[in-house]
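# Structural description and commentary
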Amino acid sequence: MAKGCQEEHELAGCVMNPLSSLNRQALLQDLCSQEFDLLIIGGGITGAGIALDATLRGIKTALVEMQDFAAGTSSKSTKLIHGGLRYLKQGEVRLVREVGKERAILYRNAPHMVIPERMLLPLVKGGSFGKYGTSIGLALYDRLASVKPGEKRRMLNREQALECEPLLNRDLLNGGCVYSEYRTNDARLTLEVIKTAVNNGARAANYLKVESLTYVKEKVIGLNCRDLLTDSLISLKARKIVNASGPWVDDLRKKDNSLTNRRLHHTKGVHIVVPRERLPVKQSAYFDVFDKRMVFVIPRGKTTYVGTTDTDYDKDLVSPEVTKQDVEYLLKAANTMFPTVELTQIDIISSWAGIRPLIHQEGKSASEISRKDEIFLSKSGLVSIAGGKLTGFRKMAQRVVDLVIKDLNREFGLPLKSCITSETQISGGGTGNINDYTRELFLRIQPHGYEEYDAERLVRTYGDQSQEIVNKLIEKNITDPQTDLALVELEFIINNESLYHLLDYFTQKTARLWFNKKTIPNLIEPIGRRMQELLGWDEDQLKHEQQSVHNALESVIKFE
């Protein structure tokens, strides 16, 4: 048993602000001092959704993640809550219907995280979409995906498409259509779902790596975890364990001796980011490329990002690299559809690569493999889930918790309760009208030297929690608006979001590395020093943390 678990602690099942970075020791003591109904391995969007659903049904739940929350696939997606037009093309009608309904639910429960995005679909010579087939397909899409009347598809002739987006390739263009999608911040969405679960009684700890599973009479009853911050071991106990570890699902199935028949198929998806002025599209676009795939171009703040690739992958799962081949593919795609911009590698200011944990289908290429989720049940009682899409996380969670609660009811008498997450507001979601909320926030910070962009970024990152940040901000004697705001954000994150590494502040917590990278060099020192004060780092630790950020700044523009 870990050293921390041997000590008495006053919190005993009632940790004050369990996600505060300053309360970690008490949280770990709390985790290993009791038996949970359910332990979840994996702090991505799938594990987060399961934790929320289970907690709301009265299941005593804990979640562990070996990195930062959402550090894997759940911060490396295309960042869309979309209805899956490509899946309709593949005949996945049920999937399109489900994610369409889920999109509407998420828009209601987390309005700050789900941003309506009009998507342009150019119809090009030799493309996979024809005018009449597209019109019929998108009409079906509008119906299946529960698209609101004012957001339904609009078909465009060639001239209208060029008016909609003058940068389009005139030589290829036949026409186009505009349809509805929604953009999100995938990492923040994951974090806010976890926070909602914790606010309702769950426990969640990052930087706890599962080293082994524990058994009694061949039934899994717990986990041995290593605290990667202190290199100590802790043991956790639970009646049921769910493996929602994304790309690592099969690794845990191997530990459980249950990796038989169906297995994962990892594919890599890469995105590149350029300054908005270098690819100044008027709206998002989804278009055919030379190998019959489809690629997105999406404006976000002061940047535009392009993606994604879809290639088989069998290398490092923690830090997948963006290769020169990946970059050349995306540059060629963008330059073919928007030939006048003439993007080169020099224009790229950031990038990311994510791993999709898909279910292997013999004989199918990376792009052809279904995105459906699948649940694997082990003889030991371990429940594993893989596959699926960001948009469908709530229904994936519901299917898992339906299984778990039936077992808990049969074996331990826990009451059977239905899923209520469709009616549950996500942390930060109490903004009301998002435009009015953002405008009011801007009026508060404008006298202190801030722009509308700052207000929008705060609201889209923290939702109604941005008021707490602004309240603290305007109490300060503001001398450097951007640094002062970043420091106030830091204290909010430290107090509420389990921040332990400097790089995590710039990635999962604030997305600066991907969409506001130029601000980072001026913040490394003040943010690092403040984290040193709050978390008790020595000088060597501070230098190590700062070097990690410098390395990341280089890696997102270095391609081999």
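A brief structural summary. (Residues numbered from 1 in each chain as written. Predicted model: local features only at pLDDT ≥ 70, side-chain atom pairs only at ≥ 80, totals over all residues. Heavy atoms only, no water.)

## Let's talk about the overall build of the chain
Counted only if it meets this: Every helix listed is a DSSP run of H or I at least four residues long, and every strand listed is a run of E at least two residues long, numbered separately from the N terminus. Just to be clear, the radius of gyration here is over C-alpha atoms, and the globule rule we use is 2.2 Å times residues to the power 0.38. The buried label applies to any residue whose accessible area, calculated with a 1.4 Å probe on protein chains only, is under 20% of its type's maximum; exposed applies above 50%, and partly exposed to all values in between. Residues count as neighbours in contact if any of their non-hydrogen atoms are within 4.5 Å of one another.
Secondary structure summary: the chain contains 18 helices and 17 strands in total. A compact globule built from 560 residues should have a C-alpha radius of gyration of about 24 Å, and the chain, at 23 Å, falls within 12% of that. Principal axes of the C-alpha set define a box for the chain whose edges measure 70 × 60 × 45 Å. Burial analysis of the chain (560 residues in total) assigns 61% to the buried set. Relative to all contacts within the chain whose residues are 6 or more apart in sequence, the contacts with residues 24 or more apart total 71%.

## With respect to the side chain of S378
Looking at the secondary structure, you find S378 in the loop between β16 (374–377) and β17 (383–386). In this structure S378 comes out as buried when scored by relative accessible area, which is 14%.

## Notes on the environment of L502
The residue L502 is located in helix α15 (residues 502–509) in this model. Judged by relative accessible area, L502 falls into the buried class, the value being 0%. Note: C-alpha distance between L502 and S77 (425 residues apart in sequence) is 22 Å. Apart from residues lying up to four places away in sequence, L502 is in contact with I524, I527, G528, M531, W537, E545, Q546 and V549.

## Things to note about the packing of aromatic side chains
Basically, it comes down to this: The criterion for an aromatic pair is that two Phe, Tyr or Trp rings (for Trp, the six-membered ring) have centres within 6.5 Å, with stacked assigned to planes under 30 degrees apart, edge-to-face to planes over 60 apart and tilted to the rest. Either the NZ atom of lysine or the CZ atom of arginine qualifies as a charge over a ring when it sits within 6 Å of the ring centre and within 35 degrees of the ring normal.
Enumeration according to the criterion identifies ten aromatic pairs in this entry. Ring geometry for F287 against F338: centres 5.6 Å apart, planes inclined by 90°, an arrangement best described as edge-to-face. With F287 in strand β11 (residues 284–288) and F338 in the loop between α9 (324–337) and β15 (350–359), this residue pair connects regions lying 51 residues apart in the sequence. Clustering of aromatic rings is evident, with ring pairs tying together Y305, W352, W514 and F515. A cation over a ring is seen here: K79 above W514, with NZ or CZ 5.1 Å from the ring centre. Between the NZ or CZ atom of R253 and the centre of the ring of F376, over which it lies, the distance is 4.0 Å.

## Things to note about the nonpolar core
Test applied: For the purposes of this section, nonpolar cores are sets of buried Ala, Val, Leu, Ile, Met, Phe, Trp, Tyr and Cys residues that join through side-chain atoms within 4.5 Å.
Residues L121 and I527 are the most contacted members of the largest nonpolar core, which totals 61 residues. No other element matches the eight residues that helix α14 (residues 481–496) contributes to this core. Contact partners of L121, with chain neighbours within four places excluded, come to L85, F129, T134, G176, C177, Y179, Y286 and M294.

## Side note on unusual backbone geometry
Residue T308 follows G307 across a cis peptide bond; omega there is 20°. Of note, N257 is a non-glycine position whose phi angle comes to about 55°, a positive value. Not every positive phi belongs to a glycine, and K292 is a case in point at roughly 75°. As for its position among the elements, K292 is in the loop between β11 and β12 (294–300).

## A closer look at helix α7 (residues 186–199)
Applied cut-off: An expected span of 1.5 Å times one less than the residue number is assigned to each helix.
Here α7 spans 20 Å end to end across 14 residues, near enough to the 20 Å set by a 1.5 Å rise per residue. The buried count for α7 comes to 13 of 14 residues, which makes it a mostly enclosed element. Note on α7: the residue one or two positions beyond its end, G201, has a positive phi of about 120°.

## Quick look at the pairing of strand β10 (residues 264–275)
What counts is decided by this rule: Paired strands are those between which DSSP finds at least two bridges.
Extensive coverage of β10 is indicated by the burial of twelve of its twelve residues. By the bridge criterion, ten bridges tie β10 to β15 in an arrangement that is antiparallel. By the bridge assignment for β15, L264 is matched with I359. Note: β10 against strand β14 (residues 311–312), two bridges, orientation antiparallel. Within the sheet, the bridge partner assigned to K268 lies in β14 and is T311. Relative to strand β13 (residues 303–307), β10 runs antiparallel, the two sharing five bridges. Note on β13: the bridge partner recorded for V273 is Y305.

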